Amino acid sequence: MTGEARRPEQPVAGARPAGLALYVHWPFCAAKCPYCDFNSHVREEIDEQGWCDAILREMAHVATLQSEARPRLDTVFFGGGTPSLMHGQSVERIIGCAARLWAPADDIEITLEANPASAEATRFADFRAAGVNRISLGVQALNDADLRFLGRLHDLAEARAALALAIKTFDRVSLDLIYARPNQSVEAWKAELAQALSFGTEHLSLYQLTIEPQTPFAIQHRQGAFLVPDDDRAAELFEVTQEATAAAGVPAYEVSNHARPGAEARHNLIYWRYGDYAGLGPGAHGRFTIGGKRIATVCERLPERWRERVKAKGHGFVAVDEISRADGARENLLMTLRLAEGIDLAAFRARWGAAPGRGRIADLAEEGLVRLESDRLRATPRGLLVLDAVIAALAD
Ligand SMILES: C[S@@+](CC[C@H](N)C(=O)[O-])C[C@H]1O[C@@H](n2cnc3c(N)ncnc32)[C@H](O)[C@@H]1O
Ligand code: SF4
């Protein structure tokens, strides 16, 4: 993905110290999209209750690891896979368990990722009744030919109907689109984006199509079945995306995420600000603090193996590692420099005991890769394109 983010001068929402963000991975989909390398699987039958039991067990285990009694729970995010294939009752059980183990913030944000097929849309009211207050709808494209190319199970009419229902049901709606598709002209994308913006959602996630290794798209692409935009075209598409979203009042606050000021995804902001998040379910990752130490957790990726592990051990973790200061500082830079608000170096220094040196910053600034203003470090659009190299230079 290429990147150029507009820089608001003020930090976005969420300046208070964050509580816990809880991620719940539902790894099942009705069909596998040919571009997708998320941990998502198609199964003939799903014992939904059994899978939820395992999630609840792993959740209880995470809570026992934390030394503080009932830390504040700021956000819950049901991601996938396709969590909108779950029933409202399952979502309610998971939210209820989280609310007993942690202390939900008064303004807790509970997001669920939904596919816009009609069967899933009929569950929106149940999700809302279960406590979900934000929905992230994977529309992906606004024309039938591209939806077919992307292997989606929904067409445009279904997507529009699901979106209208989502807007009616939830106060907070986000829309996902994938752009920089084969043969997509700048003009065509501008028109499609204008249509997406006309829906008036407070948040949009706009991703450039990435050809992920080991996916059917990777094979087709290698065989020359289609071409994706070259770097120059991708950069141009990115630029028009930044301009159109900013003009519509939903500027980028992260490389691919756009929101009305104050409507940013608080869950994702906790990741990007390198706060505490726990990941439950197959393949989920977590980063949270136990007794002053920051811990990295990784769950077994294959759903059935994860479930076996939970049965045997009470959790599906295949790795629980303490993060060293150097690795923590590096990860913090990598995550937070994605944000338009950048990094407050004084806060960074207070957290990690050191911050990137002035000399390094000056060298990178001279190359046009970062900007430093009032002790706040930001990646420039060019810097975002080579963020790994920027971090390596800063952390050196
Ligand atoms: C966890 S995924 C999918 C959520 C939901 N199952 C769906 O398909 O709408 C979250 C988002 O990542 C984006 N995404 C997934 N694979 C991608 C790829 N190869 N290139 C660009 N965006 C991708 C899609 O926009 C998708 O909505
Ligand atoms: S894009 Fe969404 S629906 Fe498609 S396979 Fe990936 S997670 Fe499943």
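The written sequence of each chain sets the order in which its residues are numbered from 1. Both sets of labels track the order of writing: A upward for chains, 1 upward for ligands. The model is predicted, so local features are restricted to residues of pLDDT at least 70 and side-chain atom pairs to those at 80 or more, both for listing and for counting; the totals for chains, interfaces and linings are taken over all residues. Side-chain measures here rest on the full set of heavy atoms in the structure, leaving out hydrogens and waters.

## Quick notes on the overall build of the protein
Right, on to step 1. The secondary structure listing takes helices from DSSP runs of H or I that are at least 4 residues long and strands from runs of E that are at least 2 residues long, numbered from the N terminus. A count of helical and extended segments in the protein gives 16 helices and 15 strands.
Right, on to step 2. Note on method: radius of gyration uses C-alpha positions; expected globular size equals 2.2 Å times residues raised to 0.38. In summary, the protein has a C-alpha radius of gyration of 21 Å against a globular reference of 21 Å for 396 residues, a match within 12%.
Right, on to step 3. Along the first, second and third principal axes, the C-alpha atoms of the protein reach 55 × 55 × 40 Å.
Right, on to step 4. Across the 396 residues that make up the protein, the buried fraction comes to 53%. Throughout, exposure labels follow a simple rule: accessible area from a 1.4 Å probe, protein chains only, divided by the maximum for the residue type, with under 20% read as buried, over 50% as exposed, and the rest as partly exposed.

## Quick notes on the packing of helix α1 (residues 48–65) against helix α11 (residues 303–313)
Right, on to step 1. Between N-to-C directions, angles cover 0 to 180 degrees, with each direction set by a line fitted to C-alpha atoms, over the stretch in contact for helices. Two numbers describe how α1 lies on α11: the axes approach to 10 Å, and their chain directions differ by 55°. Comparing the axis directions of α1 and α11 gives the class oblique. The two elements α1 and α11 cross, and the hand of that crossing is left-handed. Contacts from G50, W51, A54, I55, R57 and E58 in α1 reach P303, E304, W306, R307, V310 and K311 in α11. Here roughly perpendicular refers to angles of 65 to 115 degrees, roughly parallel to angles under 35, roughly antiparallel to angles over 145, and oblique to all remaining angles. Left-handed describes a crossing in which the near helix is turned anticlockwise from the far one by less than a right angle; the clockwise case is right-handed. Contact between two residues is taken to exist if any of their heavy atoms lie within 4.5 Å; hydrogens are not considered.

## Quick look at the nonpolar core
Right, on to step 1. Counting 98 residues, the largest nonpolar core has L22, M59, F78, V91, I94, W102 and F124 as its most contacted members.
Right, on to step 2. With eight residues, α1 is the single largest residue contributor to this core.
Right, on to step 3. What W102 contacts, discounting residues up to four positions off in sequence, is L20, L22, M59, V62, A63, Q66, R70, P71 and L73. In this text, buried Ala, Val, Leu, Ile, Met, Phe, Trp, Tyr and Cys residues form a nonpolar core when linked through side-chain atoms within 4.5 Å.

## Here we look at the side chain of R378
Right, on to step 1. One can find R378 in strand β15 (residues 376–379).
Right, on to step 2. Given the relative accessible area of 3%, R378 is considered buried.
Right, on to step 3. Counted as a polar contact is a pair of N or O atoms within 3.5 Å, where, for protein atoms, one must be capable of donating a hydrogen and the other of accepting one, and residues adjacent in sequence contribute only when both atoms are in side chains. Polar side-chain contacts of R378 include one of 3.4 Å to the side chain of E373.

## Description of the site of ligand 2
Right, on to step 1. Throughout this document, a residue counts as near a molecule or strand when at least one of its heavy atoms sits within 4 Å of that molecule or strand. Near ligand 2 the following residues occur: C29, A31, K32, C33, Y35, C36, S40, G81, T82, N115 and R152.
Right, on to step 2. The class makeup of the residues in the shell around ligand 2 is five nonpolar, four polar and two charged. Under the scheme applied here, ten amino acids are nonpolar (Ala, Val, Leu, Ile, Met, Phe, Trp, Tyr, Cys and Pro), four are charged (Asp, Glu, Lys and Arg), and all others, including Gly, are polar.

## Considering the sheet that holds strand β13 (residues 343–344)
Across a sheet, paired strands are connected by hydrogen bonds in the backbone, their directions being either parallel or antiparallel.
Right, on to step 1. We call two strands paired when DSSP finds no fewer than two bridges between them. Here three strands make up an open sheet; going across it, the order is β13-β15-β14 and the pairing antiparallel. Two strands close off the open sheet at either side, each with one partner strand: β13 and β14 (370–373).
Right, on to step 2. Of the strand pairs in this sheet, β14 and β15 are connected by four bridges, and their pairing is antiparallel. Of the residues in β15, the one forming a bridge with L372 is L377.

## Topic: unusual backbone geometry
Right, on to step 1. Residue G80 is joined to G81 through a cis peptide bond whose omega torsion reads 15°.
Right, on to step 2. Mapping G81 onto the fold places it in the loop between β2 (72–80) and α2 (88–101).
Right, on to step 3. Although it is not a glycine, Q140 sits at a positive phi angle of roughly 75°.
Right, on to step 4. Tracing the sequence through the fold places Q140 in strand β4 (residues 134–140).
Right, on to step 5. Its identity is not glycine, yet D375 carries a phi of approximately 65°, on the positive side.

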